[in-house]
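Inside the fold
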Amino acid sequence: SRADALPRDLEGLRVVVSAGGTREPLDPVRYLGNRSSGKQGYALARTAAQRGADVTLVAAHTVALPDPTGVRLVHAGTAEQLRDAVHEASADADVVVMAAAVADFRPASKADHKIKKTDRDPDPVTLVRNPDILAELVAKRRDGQTIVGFAAETGDSGADVLDHARAKLKRKGCDLLVVNAVGEGKAFEVEENSGWLLSATGDERPITLGSKSQMATEVWDAIHTLRDR
Ligand code: CTP
Ligand code: CA
(Lines give C-alpha, C1' and ligand atoms only; values in the text may rest on other atoms or scores of the structure.)
(Ligands and ions follow the chains in the order given, each with its own letter.)
Protein backbone atom coordinates (compact mmCIF):
# COMPACT_ATOMS: atom_id res chain seq x y z
CA SER A 1 0.00 0.00 0.00
CA ARG A 2 0.99 3.63 -0.26
CA ALA A 3 1.43 3.89 3.50
CA ASP A 4 4.21 1.32 3.35
CA ALA A 5 6.20 3.68 1.17
CA LEU A 6 6.08 6.51 3.70
CA PRO A 7 8.80 6.96 6.31
CA ARG A 8 7.74 6.13 9.90
CA ASP A 9 9.50 9.31 11.00
CA LEU A 10 6.66 10.51 13.25
CA GLU A 11 6.64 7.35 15.38
CA GLY A 12 6.13 8.18 19.06
CA LEU A 13 4.80 11.67 18.33
CA ARG A 14 1.46 12.59 19.91
CA VAL A 15 -0.40 14.81 17.50
CA VAL A 16 -3.68 16.76 17.54
CA VAL A 17 -5.18 18.12 14.31
CA SER A 18 -8.34 20.23 14.11
CA ALA A 19 -10.30 20.31 10.87
CA GLY A 20 -13.45 21.62 9.23
CA GLY A 21 -15.61 24.65 9.93
CA THR A 22 -17.47 25.44 13.12
CA ARG A 23 -21.21 26.14 13.10
CA GLU A 24 -22.60 28.69 15.52
CA PRO A 25 -26.30 28.17 16.26
CA LEU A 26 -28.94 30.90 15.95
CA ASP A 27 -31.81 28.60 16.89
CA PRO A 28 -32.37 24.82 16.83
CA VAL A 29 -32.37 24.71 13.01
CA ARG A 30 -30.09 27.56 11.88
CA TYR A 31 -26.45 28.46 12.24
CA LEU A 32 -23.66 30.76 11.06
CA GLY A 33 -21.07 28.69 9.25
CA ASN A 34 -18.26 28.81 6.73
CA ARG A 35 -17.18 26.98 3.59
CA SER A 36 -14.36 24.91 5.03
CA SER A 37 -14.41 21.38 3.57
CA GLY A 38 -12.14 19.85 6.21
CA LYS A 39 -10.12 18.10 3.51
CA GLN A 40 -6.78 19.68 4.43
CA GLY A 41 -7.10 18.81 8.11
CA TYR A 42 -8.12 15.24 7.29
CA ALA A 43 -5.15 14.89 4.95
CA LEU A 44 -2.85 16.16 7.71
CA ALA A 45 -4.28 13.64 10.18
CA ARG A 46 -4.12 10.75 7.70
CA THR A 47 -0.55 11.53 6.66
CA ALA A 48 0.64 11.84 10.27
CA ALA A 49 -0.92 8.46 11.15
CA GLN A 50 0.65 6.84 8.08
CA ARG A 51 4.02 8.19 9.22
CA GLY A 52 3.58 6.59 12.63
CA ALA A 53 2.17 9.38 14.82
CA ASP A 54 -0.50 8.89 17.49
CA VAL A 55 -3.22 11.15 16.08
CA THR A 56 -6.36 12.75 17.50
CA LEU A 57 -8.47 14.51 14.87
CA VAL A 58 -10.93 17.08 16.25
CA ALA A 59 -13.44 17.58 13.46
CA ALA A 60 -15.97 20.36 13.11
CA HIS A 61 -18.34 20.31 10.14
CA THR A 62 -16.85 18.87 6.95
CA VAL A 63 -18.05 17.63 3.59
CA ALA A 64 -18.54 13.85 3.53
CA LEU A 65 -15.07 12.40 4.16
CA PRO A 66 -14.00 8.89 5.12
CA ASP A 67 -12.75 8.50 8.71
CA PRO A 68 -8.95 8.38 8.43
CA THR A 69 -7.54 4.97 9.33
CA GLY A 70 -5.82 4.63 12.68
CA VAL A 71 -6.88 8.06 13.93
CA ARG A 72 -8.84 8.96 17.09
CA LEU A 73 -11.79 11.02 15.82
CA VAL A 74 -13.60 13.53 18.04
CA HIS A 75 -16.51 15.60 16.72
CA ALA A 76 -17.10 19.23 17.70
CA GLY A 77 -19.85 21.50 16.40
CA THR A 78 -19.23 24.98 17.72
CA ALA A 79 -16.04 26.94 18.36
CA GLU A 80 -16.53 26.46 22.11
CA GLN A 81 -16.95 22.69 21.72
CA LEU A 82 -13.89 22.59 19.45
CA ARG A 83 -11.96 24.57 22.04
CA ASP A 84 -12.81 22.08 24.82
CA ALA A 85 -11.95 19.07 22.65
CA VAL A 86 -8.66 20.57 21.42
CA HIS A 87 -7.54 21.57 24.91
CA GLU A 88 -8.37 18.16 26.32
CA ALA A 89 -6.58 16.33 23.52
CA SER A 90 -3.52 18.61 23.53
CA ALA A 91 -2.74 18.44 27.25
CA ASP A 92 -0.11 15.77 26.51
CA ALA A 93 0.42 16.38 22.79
CA ASP A 94 3.77 17.07 21.13
CA VAL A 95 2.25 18.81 18.11
CA VAL A 96 -1.04 20.69 17.69
CA VAL A 97 -2.12 21.70 14.20
CA MET A 98 -5.04 24.15 14.00
CA ALA A 99 -6.35 23.59 10.49
CA ALA A 100 -9.98 24.19 11.51
CA ALA A 101 -11.85 27.27 10.29
CA VAL A 102 -13.01 28.58 13.65
CA ALA A 103 -15.79 31.19 13.60
CA ASP A 104 -14.44 34.45 14.98
CA PHE A 105 -17.93 35.39 16.26
CA ARG A 106 -21.08 33.62 17.38
CA PRO A 107 -24.65 34.81 17.95
CA ALA A 108 -24.87 36.31 21.44
CA SER A 109 -27.69 33.95 22.26
CA LYS A 110 -29.30 30.84 20.81
CA ALA A 111 -33.10 30.91 20.64
CA ASP A 112 -34.67 27.90 22.38
CA HIS A 113 -37.30 27.61 19.68
CA LYS A 114 -37.21 28.13 15.94
CA ILE A 115 -37.30 31.87 15.22
CA LYS A 116 -40.66 32.60 13.56
CA LYS A 117 -41.31 34.96 10.69
CA THR A 118 -43.70 37.79 11.62
CA ASP A 119 -45.08 40.84 9.80
CA ARG A 120 -42.37 42.99 11.34
CA ASP A 121 -38.78 43.37 10.19
CA PRO A 122 -36.44 40.85 11.84
CA ASP A 123 -34.27 41.73 14.81
CA PRO A 124 -30.59 42.20 13.95
CA VAL A 125 -28.29 39.36 14.99
CA THR A 126 -25.95 40.40 17.78
CA LEU A 127 -22.55 38.69 17.64
CA VAL A 128 -19.97 38.15 20.35
CA ARG A 129 -16.33 37.11 20.01
CA ASN A 130 -15.33 33.46 20.20
CA PRO A 131 -12.21 32.42 22.11
CA ASP A 132 -9.03 32.35 20.00
CA ILE A 133 -8.08 28.71 20.50
CA LEU A 134 -4.66 29.05 18.84
CA ALA A 135 -3.77 31.99 21.10
CA GLU A 136 -4.89 29.99 24.15
CA LEU A 137 -2.76 27.02 23.08
CA VAL A 138 0.28 29.28 22.68
CA ALA A 139 -0.35 30.88 26.09
CA LYS A 140 -0.32 27.49 27.83
CA ARG A 141 2.18 25.70 25.60
CA ARG A 142 4.16 23.06 27.42
CA ASP A 143 7.90 22.53 26.95
CA GLY A 144 8.70 20.94 23.63
CA GLN A 145 5.21 21.38 22.22
CA THR A 146 4.99 22.57 18.61
CA ILE A 147 1.97 24.67 17.67
CA VAL A 148 0.99 25.18 14.04
CA GLY A 149 -1.53 27.70 12.69
CA PHE A 150 -3.17 28.13 9.31
CA ALA A 151 -4.03 31.36 7.53
CA ALA A 152 -5.78 32.13 4.28
CA GLU A 153 -4.78 35.62 3.21
CA THR A 154 -5.41 37.98 0.32
CA GLY A 155 -3.28 40.96 -0.54
CA ASP A 156 -4.80 44.44 -0.34
CA SER A 157 -3.75 48.01 -1.09
CA GLY A 158 -1.68 48.28 2.09
CA ALA A 159 0.11 44.93 2.22
CA ASP A 160 0.68 41.74 0.26
CA VAL A 161 -0.09 38.20 1.39
CA LEU A 162 3.31 37.69 2.97
CA ASP A 163 3.13 40.97 4.92
CA HIS A 164 -0.21 39.92 6.40
CA ALA A 165 1.09 36.43 7.11
CA ARG A 166 4.27 37.63 8.86
CA ALA A 167 2.19 39.93 11.04
CA LYS A 168 -0.20 37.07 11.89
CA LEU A 169 2.65 34.73 12.81
CA LYS A 170 4.01 37.37 15.23
CA ARG A 171 0.57 38.12 16.65
CA LYS A 172 -0.32 34.46 17.14
CA GLY A 173 3.04 33.38 18.55
CA CYS A 174 2.81 29.89 17.02
CA ASP A 175 5.88 27.97 15.81
CA LEU A 176 4.76 27.54 12.24
CA LEU A 177 2.16 29.26 10.08
CA VAL A 178 0.86 27.60 6.94
CA VAL A 179 -0.19 30.37 4.60
CA ASN A 180 -2.60 29.89 1.75
CA ALA A 181 -2.72 32.80 -0.70
CA VAL A 182 -6.34 33.06 -1.77
CA GLY A 183 -7.18 34.94 -4.94
CA GLU A 184 -9.90 37.53 -5.35
CA GLY A 185 -10.79 38.09 -8.96
CA LYS A 186 -8.64 37.88 -12.05
CA ALA A 187 -5.75 40.04 -10.91
CA PHE A 188 -4.96 37.63 -8.13
CA GLU A 189 -5.43 34.43 -10.06
CA VAL A 190 -1.72 33.91 -10.34
CA GLU A 191 -1.55 33.67 -6.55
CA GLU A 192 -4.07 30.86 -6.35
CA ASN A 193 -2.58 27.53 -5.44
CA SER A 194 0.39 29.16 -3.81
CA GLY A 195 1.41 29.22 -0.21
CA TRP A 196 4.22 29.63 2.27
CA LEU A 197 5.47 28.02 5.41
CA LEU A 198 6.62 30.66 7.87
CA SER A 199 8.42 29.61 11.01
CA ALA A 200 8.94 31.63 14.17
CA THR A 201 12.69 31.14 13.64
CA GLY A 202 12.42 33.24 10.47
CA ASP A 203 12.44 30.49 7.86
CA GLU A 204 10.14 31.27 4.94
CA ARG A 205 9.59 28.88 2.13
CA PRO A 206 7.05 28.42 -0.63
CA ILE A 207 4.94 25.27 -0.62
CA THR A 208 2.91 23.46 -3.20
CA LEU A 209 -0.79 23.67 -2.48
CA GLY A 210 -1.76 21.49 -5.42
CA SER A 211 -2.92 18.32 -3.69
CA LYS A 212 -3.99 18.27 -0.06
CA SER A 213 -1.88 15.22 0.72
CA GLN A 214 1.18 16.70 -0.98
CA MET A 215 0.72 19.77 1.18
CA ALA A 216 0.25 17.61 4.27
CA THR A 217 3.56 15.92 3.50
CA GLU A 218 5.33 19.27 3.21
CA VAL A 219 3.81 20.51 6.48
CA TRP A 220 4.86 17.37 8.39
CA ASP A 221 8.34 17.55 6.84
CA ALA A 222 8.63 21.12 8.12
CA ILE A 223 7.35 20.17 11.59
CA HIS A 224 9.81 17.28 11.71
CA THR A 225 12.70 19.54 10.72
CA LEU A 226 11.68 22.17 13.28
CA ARG A 227 11.57 19.60 16.08
CA ASP A 228 14.86 17.99 15.08
CA ARG A 229 16.84 21.16 15.67
N1 CTP B 1 -8.11 30.23 15.15
C2 CTP B 1 -8.45 29.77 16.40
N3 CTP B 1 -9.50 30.30 17.07
C4 CTP B 1 -10.24 31.29 16.52
C5 CTP B 1 -9.91 31.78 15.23
C6 CTP B 1 -8.84 31.22 14.58
O7 CTP B 1 -7.76 28.87 16.90
N8 CTP B 1 -11.26 31.79 17.21
C9 CTP B 1 -6.95 29.66 14.45
C10 CTP B 1 -7.26 29.01 13.13
O11 CTP B 1 -7.55 27.63 13.28
C12 CTP B 1 -5.96 29.22 12.34
C13 CTP B 1 -5.40 30.51 12.93
O14 CTP B 1 -6.06 30.71 14.18
O15 CTP B 1 -5.03 28.21 12.61
C16 CTP B 1 -5.56 31.71 12.08
O17 CTP B 1 -6.92 31.93 11.82
P18 CTP B 1 -7.34 33.26 11.06
O19 CTP B 1 -8.82 33.28 10.92
O20 CTP B 1 -6.50 33.38 9.83
O21 CTP B 1 -6.81 34.36 12.10
P22 CTP B 1 -7.55 35.48 12.89
O23 CTP B 1 -6.65 35.84 14.03
O24 CTP B 1 -8.94 35.07 13.23
O25 CTP B 1 -7.52 36.72 11.91
P26 CTP B 1 -8.52 37.20 10.74
O27 CTP B 1 -8.97 38.55 11.14
O28 CTP B 1 -7.64 37.24 9.51
O29 CTP B 1 -9.65 36.20 10.62
CA1 CA C 1 -10.54 34.41 11.71
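Residues numbered from 1 in each chain as written. Chains lettered and ligands numbered in written order. Predicted model: local features only at pLDDT ≥ 70, side-chain atom pairs only at ≥ 80, totals over all residues. Heavy atoms only, no water.

Per an unreviewed UniProt entry, the recorded name for the chain is Coenzyme A biosynthesis bifunctional protein CoaBC, and the organism is Herbihabitans rhizosphaerae.

Quick look at the overall build of the chain
Of the regular secondary structure elements, the chain holds 6 helices and 12 strands. On the principal axes, the C-alpha backbone points of the chain span a range of 65 × 40 × 35 Å. Once local pairs closer than 6 in sequence are excluded, the contacts in the chain between residues at least 24 apart make up 67%. Just so you have it, the chain exposes about 12,600 Å², and 49% of that area is on carbon and sulfur atoms. Charged side chains in the chain number 31 positive and 34 negative. The centres of these two groups are separated by 3 Å. (Helix = DSSP H or I, 4+ residues; strand = E, 2+ residues; numbered from the N terminus. Contact = heavy atoms within 4.5 Å. Areas by Shrake-Rupley, 256 points an atom, 1.4 Å probe, with all protein chains shown as cover. Lys, Arg positive; Asp, Glu negative; His and termini not counted. Charge placed at Lys NZ, Arg CZ, Asp CG, Glu CD.)

Some points on the nonpolar core
Judged by nonpolar contacts, the single largest core of 32 residues is most densely connected at Val15, Val17, Leu44, Val55, Val97, Trp220 and Ile223. For this core, the secondary structure elements donating two or more residues are β1 (14-19), α2 (39-50), β4 (54-59), β6 (95-98), β10 (176-181) and α6 (212-228). The element that contributes the greatest number of residues to this core is α6, accounting for 7 residues. Apart from residues lying up to four places away in sequence, isoleucine 223 is in contact with Val95, Val97, Thr146, Val148 and Leu176. Ranked by size, the runner-up nonpolar core spans 28 residues in total, among them Ala85, Val86, Leu169 and Cys174. (Core = buried A, V, L, I, M, F, W, Y, C linked by side-chain atoms within 4.5 Å. Buried < 20%, exposed > 50% of the residue type's maximum accessible area, 1.4 Å probe, protein only.)

Section: the UniProt feature "binding site: CTP" (unreviewed entry) in the chain
According to UniProt, the positions carrying the feature "binding site: CTP" (unreviewed entry) are Asp104, Lys114, Pro131, Asp132, Ile133, Leu134, Phe150, Lys168 and Lys172. In sequence the annotated residues extend across 69 residues, and in space they extend as well, their farthest C-alpha pair lying 38.3 Å apart. Secondary-structure assignment places lysine 114 in the loop between β7 (105-107) and β8 (127-129). Setting aside anything within four residues of it in sequence, one finds lysine 114 in contact with Asp27, Pro28, Val29 and Arg30. Checked against the element boundaries, proline 131 lands in the loop between β8 and α4 (133-139). With a relative accessible area of 18%, proline 131 lands in the buried category. If we skip the residues at most four places from it in the chain, proline 131 touches Glu80, Arg83, Arg106 and Glu136. (UniProt positions renumbered as here; feature names shortened; annotations may be inferred.)

Re the side chain of threonine 62
Mapped onto the secondary structure, threonine 62 falls in the loop between β4 and β5 (72-75). Given the relative accessible area of 15%, threonine 62 is considered buried. Setting aside anything within four residues of it in sequence, one finds threonine 62 in contact with Gly20, Ser37, Gly38 and Tyr42.

A look at the site of ligand 1
Around ligand 1 lies a shell of 13 residues, among which Met98, Ala100, Leu134, Lys168 and Lys172 are the nearest. The contact in question runs from an oxygen atom of ligand 1 to an N or O atom on the backbone of methionine 98, over 2.7 Å. The backbone of leucine 134 places a nitrogen or oxygen atom 2.8 Å from an oxygen atom of ligand 1. Within the complex, the protein chains bury 75% of what would otherwise be the 580 Å² of accessible surface of ligand 1. Element by element, the count of residues in the shell around ligand 1 is highest for strand β9 (residues 146-153), at 3 residues. Within the shell around ligand 1, the residues separate by chemical class into 8 nonpolar, 1 polar and 4 charged. (Near = heavy atom within 4 Å. Polar contact = N/O pair within 3.5 Å; in protein donor to acceptor, adjacent residues only side chain to side chain. Nonpolar A, V, L, I, M, F, W, Y, C, P; charged D, E, K, R; others polar.)

A few points about the pairing of β1
Burial analysis of β1 places 5 of its 6 residues in the buried class, which makes it a mostly covered element. The pairing of β1 with β4 spans 6 bridges and is classified as parallel. Considered in β4, the bridge of valine 15 is made with valine 55. When β1 meets β6, the two strands line up parallel, connected through 4 bridges. Bridged to serine 18 within β6 is methionine 98. (Pairing = 2+ DSSP bridges.)

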